[in-house]
Amino acid sequence: MVHEDSDGPLLRWWLSHVEGRLGFKVEQDVVGPVVLVCVFNAADVVARCLDSLIFARTVPYRVQIIDDGSEPTVAKILREWVDKVEFGSLLRHDQNLGYTAALNSGLAEIRSEFVVILNSDTEVAPGWMEGLLRCALSDRHIGLVGPLSNAASWQSVPEVFDESGSFSKNQVPTTEQLKRWATDLAAESPPTYPRVPLLNGFCLGVKSKVFRAVGTFDQANFPRGYGEENDFCLRAGYAGFQLAVANDVLVSHHKTMSFTTDQRLELSRAADLKLLELHGAARLHSAVAQCRESLPLRRARAWASRIVSPLEVRRTPKFSGRILFVLPASAGGGGVHSVVQEAQAMRRMGVDARLAVPASFLASYLDAYPDIQNLSQWVRPFAQIEELEALTEGVDLIIATVFTSVAMIEQLQQRGICAAFAYYVQDYEPWFYDESEPAWLEAFSSYTRVEFAVLYAKTEWLCAQVASAHSKRVVKVLPSIDHDVYYPNADRVMTGVPVISAMLRPSTPRRGPERTIRVIREIARALGNKLRVLLFGCERHELSDDWADVIESSEFLGQLNRADVAGVLRRSDLFLDLSDYQAFGRTAAEAMACGCVPVVPSAGGTGEYAVDRVNSLVVDVQDEPVCVQRIVEALQAKDSLRAMRARAIAAVAKYTPFAAARSELAAFLLAAKPAEPAGVSIFLADQHVGQHWRGLSSHCSDVVDALSKADLAIASLCGMIDHIDATGALPVPASNGCPPWLLDADPSHPRFAEQWRRLRQSTVAVELVKQHAAGTLVYSEWTRMEAEAIGLTAKVLPLVLSDDWSASMPPTSAGTQPRLLFIVLEGAERSAAAAAMVELGDQLGDVVLALECERPVAWQFEHPFLQPATESDWRELLMCGGPWRAGVVVAETSDGGGGRLELWQMRLAAAGLCPVLPRCPELPLTVQDGVNSILVGDNVPSWFAVLAGLRERSNELQAIGQRAQMEVRDTCFAAHVQSTWKEILREFVARK
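Numbering of residues begins from 1 in every chain and follows the order in which that chain's sequence is written. Totals for whole chains, interfaces and linings use every residue, but because this is a predicted model, local features are given only for residues with pLDDT of at least 70 and side-chain atom pairs only at 80 or more, for both listing and counting. Hydrogens and waters are ignored; side-chain quantities use all the structure's heavy atoms.

(A) Summary view of the overall build of the protein. For the protein, the helix and strand inventory stands at 37 helices and 32 strands. With a 1.4 Å probe rolled over the protein chains alone, any residue whose accessible area is under 20% of its type maximum counts as buried; one over 50% counts as exposed, and the rest are partly exposed. Evaluated residue by residue, the protein yields a buried proportion of 58% over its 992 residues. Pairs of residues are marked as contacts when any of their non-hydrogen atoms sit within 4.5 Å. Considering only intrachain contacts with a sequence separation of at least 6, the fraction spanning at least 24 residues in the protein is 74%. The method behind every accessible area is Shrake-Rupley, applied with a 1.4 Å probe, and residues are considered shielded solely by the protein chains displayed. As displayed, the protein offers around 39600 Å² of accessible surface, 50% of which is attributable to carbon and sulfur atoms. Strands here are runs of E lasting at least two residues and helices are runs of H or I lasting at least four, both read from the DSSP assignment and numbered beginning at the N terminus.

(B) Structural view of the packing of helix α16 (residues 403-414) against helix α17 (residues 438-445). To get an axis, fit a line to the C-alpha atoms, keeping to the stretch in contact for a helix; angles then go from 0 to 180 degrees between the N-to-C directions. Across the interface, α16 lies against α17 with an axial gap of 8 Å and an inter-helix angle of 70 degrees. Taken as axis vectors, α16 and α17 run roughly perpendicular relative to one another. Here α16 and α17 pass one another in a crossing that is left-handed. Note on element contacts: α17 touches α16 through A439, E442 and A443, opposite F403, T404 and A407. Ten residues, namely Ala, Val, Leu, Ile, Met, Phe, Trp, Tyr, Cys and Pro, are considered nonpolar, four, namely Asp, Glu, Lys and Arg, are considered charged, and the remaining ones, Gly among them, are considered polar. Within the contact of α16 with α17, the residues separate by chemical class into four nonpolar, one polar and one charged. Between 65 and 115 degrees an angle is taken as roughly perpendicular, under 35 as roughly parallel, over 145 as roughly antiparallel, and anywhere else as oblique. In this scheme the handedness of a crossing depends on how the near helix is turned from the far one: anticlockwise by less than a right angle means left-handed, clockwise means right-handed.

(C) Up close: the pairing of strand β2 (residues 62-68). Across the seven residues that make up β2, a large majority, six, are buried. As paired strands, strand β1 (residues 34-39) and β2 are joined by six bridges and run parallel to one another. Along β2, the bridge assignment pairs L36 with Q64. Handedness of a crossover is defined as follows: with both strands directed away from the viewer, a clockwise route from the first strand across the helix to the second makes it right-handed. The β-α-β motif built from β1, the intervening helix α2 (residues 43-55) and the parallel element β2 has right-handed crossover chirality. For two strands to be treated as a pair, DSSP must find no fewer than two bridges joining them.

(D) Representation of the packing of aromatic side chains in the model. Each Phe, Tyr or Trp ring, with Trp reduced to its six-membered ring, pairs with another whose centre is within 6.5 Å; inter-plane angles below 30 degrees give stacked pairs, above 60 give edge-to-face pairs, and intermediate values give tilted ones. The final tally for this structure, using the stated rule, is 22 aromatic pairs. Both rings, one in W154 and one in F167, keep their centres 5.1 Å apart while their planes meet at 85 degrees; by these two values the pair is edge-to-face. On the criterion of sequence distance, the pair formed by W154 in the loop between β6 (142-148) and α6 (175-188) and F167 in the loop between β6 and α6 is long-range, its members being 13 residues apart. Note on Y423 and Y447: the rings are 5.7 Å apart at their centroids and 25 degrees apart in plane angle, and the pair reads as stacked. Of this pair, Y423 sits in strand β14 (residues 420-425) while Y447 sits in the loop between α17 and β15 (454-457), and the two are 24 residues apart along the sequence. Here Y423 and Y447 have matching classes, each one buried. Taken together, the ring pairs in this structure connect Y423, Y428, W431, Y447, F452, W461 and Y581 into an aromatic cluster. Here, over-ring charges are defined by two tests on the NZ atom of lysine or the CZ atom of arginine: distance to the ring centre within 6 Å, and angle to the ring normal within 35 degrees. Sitting above the plane of the F55 ring, K179 keeps its charged end 4.1 Å from the centroid.

Structure representation (structure tokens):
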């Protein structure tokens, strides 16, 4: 049973509708979030507010509008808006009741678990609702949440006060600025969620249990809408609810569009007097002082202010020159999309970026990008080389974008154009042709025929391909997706009939059109033709007659523009890309952004974003029967597909045009830096590797000596970020072991997530490591994938336990009733296991909490808790013969964590305890459910069921613990792994 103070219904709604967790069933009467907007005139800002609620609706919420006696023109806008959307409703008062009474009338119509009260002079951006919910669900004691804004009193950024000492309004961001800033804030701001006693009412998220506890807003004392939110916040605080600032969410606020400045001041004074009367001066002054002095809130504002800035070039590498992309191709292809949207992003950052396109193709650009304003001003046509030369006047960097543009750049160079040259490599184009064709030679020589300052590409695979075939270094930059076009359908529910889509390119055999048709034919046969197929990408006259059976049973849509392709992807469960290879696979990545799971070839660069069985299906396209089998299995496993869909959306969210443009500008600057002497050769990417290095030194002394003689040094991968940011160069640590500033770089560890975020965004840092480091050592497959995702070649060193863990464990007292030992890792308060523990409450029985972190404020258990400080303390706790048969590891796994979980499985097994772990795809295959561990589906129902019955499985726990202990003693100590360490380290010595 869910207690009143828990968030059970809302949590289950979130897990089911937002995260796509497996196995979640939501009660029919649980209503998702509702946005309540009270409107009184101010037509212009109201229209912007309502339009933003459509654009930013990436999770299914409803909108309840209260028209509090607005003038006819506004009333008409509201009626028309409600008529055109399926998720809106309108309640109109013929007479103006006043804001608070109107607000309460709307609340009376709502039975949602979470209501967001939103002023009509606001504007929201994609991700805003997810951010508010994530904050609200981070702690069951949080009752109210509010975002940051340009004008929201203590929640204002970048400035809280103006020159007069009044609360600052700051500059209202444009719609485009809001989108960019909100996206960056969500990606980059650490979600600390500062607690405060007061929140601004312009955008206020409230859990339904708060209304049940304290009632609605006080319309008798605050009828006009000033002071009512402060009164409500104080009453909620008295009732024991916490108020939190969602410091990774940004909502813009025009401020008081329904009243004049004089009216606002008069209403504010009256509200202040009433608040003093109701709550007393002491409480009010204390609340204000807490908001003013809150150090967490100050830090959160300072961080956000680095992002929310009127300077469009913030955090942008200071590239001051003019850039010209030479793009001799018609609009419509994926490579063209990349160049256009990234050039547009550069321009918004203040960089003068332009495109030169053949005059015969100009119309295709204007047709393909009608949403880009003033496109004709910076996409300029040319017909002859003389006209292209004229476009280079004042240009500092000229960029080739396809092999045919290299010849044009060569001619410009021969004509004496004084500019730097770069090459945006978007595919390995020699593979497009037979070696006997002239085009093959032109494509093959394109990488070397001009002295380029820098070559850059979107995937590590493409960088490696060019480097291998031409001995040319290629800088890795970020890819981009236009999230204004490619976004998920929040209301889409997977129906009984699966939907697949595919792009057919008959004129391009490497895209596998014949193979695609054959696979679709077999999928339909396996599913008994209970399948909906959407095909696009060519004209009907290009189709082969041999495909007639598939085409006739499908919906053939022909050539589509970007918006229509996005619409197809939003309607699809799977998108099939069965190309021979993909250098990147733009449409597959765009499918992920639309909430569609892609099937992609294992050959090529799709590993940049696609992780098999996690967010996509990565297949060997040459093995068609296996392709068919895997696709059919995926379509039949709706829960798994739903989970993959949620992870797919998250995986490509970081690929924004602005992030891509920043990485390209950094690459241009890096190319201009002089080469630096090599000073560091091996980077240890996490603390555990450093511990293991020290533990294995005696076993690998011969290799350690060789490292020393080779003048190799060891450094922390993430520990160098501050140094690089400050100096632009690598630090040079001591060469005899691990430096004292060695840091754990497990990307799933909450303590180090910020360092990994900075590392992912630091093109300069990654390039310096590539130039001067022999390689990267990591301790888990998950960390290896994270390192390789940013372009670092990594080796996995096996985890190792010190010999101290091999000591015999005292026997548990006979007849002792086994207790449960919970090992709580940092960040675990957000985990499904923690939510299940809250719901079980006293049913957990007699347990002990051992904390790897500070005690989570949200957990008010009466059970005893321990905080071992060192590894030896943990070893003593686990091996003391305490009255427990199992150790339950409580961890948040949404961002991975296989390395941490594997280490804890080894420690528990060494102590003879049964490890109980969340099931995590990153765990090695050696960790097996029911053999050497108990693996629990990482959702609340699964954890609830396991924890409720764990105490009754004493004999089974003991048997699993004994098997696990035997395995660990045979495989996980230094003597067992030293040969693998030696082999890897010798490889580094050889490289040096």
